Amino acid sequence: QVQLLESGGGLVQPGGSLRLSCAASGSIFGINVMAWYRQAPGAERELVALITTGGTIHYADSVKGRFTISRDNAKNTVYLRMNSLKPEDTAVYYCNHRSPGPIDYWGQGTQVTVSS
């Protein structure tokens, strides 16, 4: 089992910034993928960004140039720096850890609200 603890969500004005963090603990396999997903009201959960243990990164087109994903393998922690936030970025953001198998683990979610 892998446990994921997220932090960093909140209310921010359009154009503002937030940083999300997700710390993984438990039975962590050496090779894995960590990612951020989000789900807005009435919408399906969508991939925002992912990063592999080796540092390969993928972003959704909607966040390219504004969001930055990074990880600290020593701390088993993934970060999502979100700049130039827009109202359409409002959603619950979920941390995901994928182990070989694949086996997916999810965090509890953290609310991000972009509003003036």
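Each remark here, short or long, concerns the structure printed above.
Residues numbered from 1 in each chain as written. Predicted model: local features only at pLDDT ≥ 70, side-chain atom pairs only at ≥ 80, totals over all residues. Heavy atoms only, no water.

Enquirer: Break down the nonpolar core for me, with residues and values.
Expert: Trp36, Leu80, Met82 and Tyr93 are the most contacted members of the largest nonpolar core, which has 27 residues in total. No other element matches the four residues that strand S3 (residues 18-26) contributes to this core. Setting aside chain neighbours within four positions, we find Tyr93 in contact with Glu6, Leu20, Trp36, Tyr37, Arg38, Val48, Phe67, Leu80, Met82, Gly109, Thr110 and Val112. (Core = buried A, V, L, I, M, F, W, Y, C linked by side-chain atoms within 4.5 Å. Buried < 20%, exposed > 50% of the residue type's maximum accessible area, 1.4 Å probe, protein only. Helix = DSSP H or I, 4+ residues; strand = E, 2+ residues; numbered from the N terminus. Contact = heavy atoms within 4.5 Å.)

Enquirer: Lay out the sheet that holds strand S1 (residues 2-7) in plain terms, naming residues and giving numbers.
Expert: The four strands lie next to each other as S1-S3-S8-S7, forming an open sheet whose pairing is antiparallel. Two strands close off the open sheet at either side, each with one partner strand: S1 and strand S7 (67-72). Each adjacent strand pair in this sheet contributes to an overall mean axis angle of 15 degrees, direction not counted. Inspection of the sheet shows S1 paired to S3 by six bridges, in the antiparallel sense. Residue pairing in the sheet places Gln3 in a bridge with Ser25 of S3. (Pairing = 2+ DSSP bridges. Axes fitted to C-alpha atoms, helices over the stretch in contact; angles between N-to-C directions.)

Enquirer: How would you explain the state of the cysteines if you had to name every residue and give the values?
Expert: In the structure shown here, the tally under the stated rule is one disulfide. Two residues share a disulfide in this structure: Cys22 and Cys95, whose sulfurs sit 2.0 Å from each other. One quick way to see it: the torsion about the S-S bond of Cys22 and Cys95 is about -80 degrees, and its sign makes the bridge left-handed. Pair noted here: Cys22 is in strand S3 and Cys95 is in strand S9 (residues 91-99), with a separation of 73 residues, a long-range link. Take Cys22 and Cys95: they sit in the same class, and that class is buried. (Disulfide = S-S within 2.5 Å.)

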